[in-house]
Amino acid sequence: QVQLVESGGGLVQAGGSLRLSCAASGRTFSNYAMGWFRRAPGKEREFVAAINWSGMTYYADSVKGRVTISRVNAKNTVYLQMNSLKPKDTAVYYCAVNSRDSGIYGYTDEYDYWGQGTQVTVSS
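The paragraphs below set out a description of the structure included in this document. (Residues numbered from 1 in each chain as written. Predicted model: local features only at pLDDT ≥ 70, side-chain atom pairs only at ≥ 80, totals over all residues. Heavy atoms only, no water.)

Overview of the state of the cysteines
Then, in step 1: Counted according to the given criterion, the structure contains 1 disulfide.
Then, in step 2: Here Cys-22 pairs with Cys-95 through a disulfide, and the sulfurs are 1.9 Å apart. In this structure, the disulfide formed by Cys-22 and Cys-95 twists by about 45° around the S-S bond and is classed as right-handed. Note that Cys-22 is positioned in strand β3 (residues 18-25) and Cys-95 in strand β9 (residues 91-98), a separation of 73 residues in sequence. With respect to burial, Cys-22 and Cys-95 carry one shared label: buried. (Disulfide = S-S within 2.5 Å. Helix = DSSP H or I, 4+ residues; strand = E, 2+ residues; numbered from the N terminus. Buried < 20%, exposed > 50% of the residue type's maximum accessible area, 1.4 Å probe, protein only.)

See below:
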């Protein structure tokens, strides 16, 4: 059974940093793309970042330059380093698996498995 567990969320002041982790289990994910999405209160889930099987990365314009996605395949873990956080980054952050590595990373429909999410709150 595939399981994704996010951690690392919390409360941080604007301008601060957080590193989110997503530990995957149930199969080997080295050949899959992994992504991070977020859902702010009252809004739809939106794409944040993705990394494909070869390590190529993709970012939403809203976070580009402030966020870095990375993966350690030996640990079946993907990370999201977030710097210069802003109050508008407040959301529940979810990691997800794109097992087909379809080449399309910005849409929730491309992802097969999802974690439960971790809350990130940025205070002004």
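Let's pick the thread back up.
Concerning the pattern of salt bridges
Then, in step 1: Under the criterion given, the structure shown has 5 salt bridges.
Then, in step 2: Among the ionic pairs, Arg-38 bridges to Asp-89, the shortest N-O distance being 2.9 Å. Of this pair, Arg-38 sits in strand β4 (residues 33-39) while Asp-89 sits in the loop between β8 (77-82) and β9, and the two are 51 residues apart along the sequence.
Then, in step 3: In this structure Arg-38 comes out as buried when scored by relative accessible area, which is 5%.
Then, in step 4: Among the residues examined, Asp-89 registers a relative accessible area of 1% and is labelled buried.
Then, in step 5: When the shortest N-O distance is used, the salt bridge between Asp-89 and Arg-66 registers 2.7 Å. (Salt bridge = Lys/Arg side-chain N within 4 Å of Asp/Glu carboxyl O.)

A look at the packing of aromatic side chains
Then, in step 1: Per the stated rule, a full pass over the model turns up 6 aromatic pairs.
Then, in step 2: Aromatic pair Phe-37 and Phe-47: ring centres 5.6 Å apart, planes at 70°, arrangement edge-to-face. Remark: Phe-47 occurs in strand β5 (residues 46-51) and Phe-37 occurs in strand β4; sequence separation between them is 10 residues. When sorted by exposure, Phe-37 lands in the same class as Phe-47, which is buried.
Then, in step 3: Counting every residue linked through ring pairs, the aromatic cluster contains Phe-37, Phe-47, Tyr-111 and Trp-114.
Then, in step 4: The ring of Trp-114 has Arg-45 lying over it, and the distance from NZ or CZ to the ring centre is 4.7 Å. (Phe/Tyr/Trp six-rings, centres within 6.5 Å; stacked < 30°, edge-to-face > 60°. Lys NZ or Arg CZ within 6 Å of the ring centre and 35° of its normal.)

Quick notes on the sheet that holds β8
Then, in step 1: Read across the open sheet, the 4 strands follow the order β1-β3-β8-β7; overall the sheet is antiparallel. Taken across any chain shown, the strands that pair with only one partner, and hence form the sheet edges, are β1 (3-7) and β7 (67-72). Ignoring which end each strand starts from, the neighbouring axes of this sheet average 15° apart. (Pairing = 2+ DSSP bridges. Axes fitted to C-alpha atoms, helices over the stretch in contact; angles between N-to-C directions.)

Some words on the side chain of Glu-6
Then, in step 1: By secondary structure assignment, the location of Glu-6 is in strand β1.
Then, in step 2: Arg-45 provides the closest opposite charge to the buried, salt-bridge-free Glu-6, at an N-O distance of 7.4 Å.
Then, in step 3: Among the polar contacts listed, one links the side chain of Glu-6 to the backbone nitrogen of Cys-95, at a separation of 2.9 Å.
Then, in step 4: At 3.1 Å, the side chain of Glu-6 forms a polar contact with the backbone nitrogen of Gln-116.
Then, in step 5: Those residues within four positions of Glu-6 in sequence are excluded, and the remaining contacts are Ser-21, Cys-22, Trp-36, Tyr-93, Tyr-94, Cys-95, Gly-115, Gln-116, Gly-117 and Thr-118. (Lys, Arg positive; Asp, Glu negative; His and termini not counted. Polar contact = N/O pair within 3.5 Å; in protein donor to acceptor, adjacent residues only side chain to side chain. Contact = heavy atoms within 4.5 Å.)

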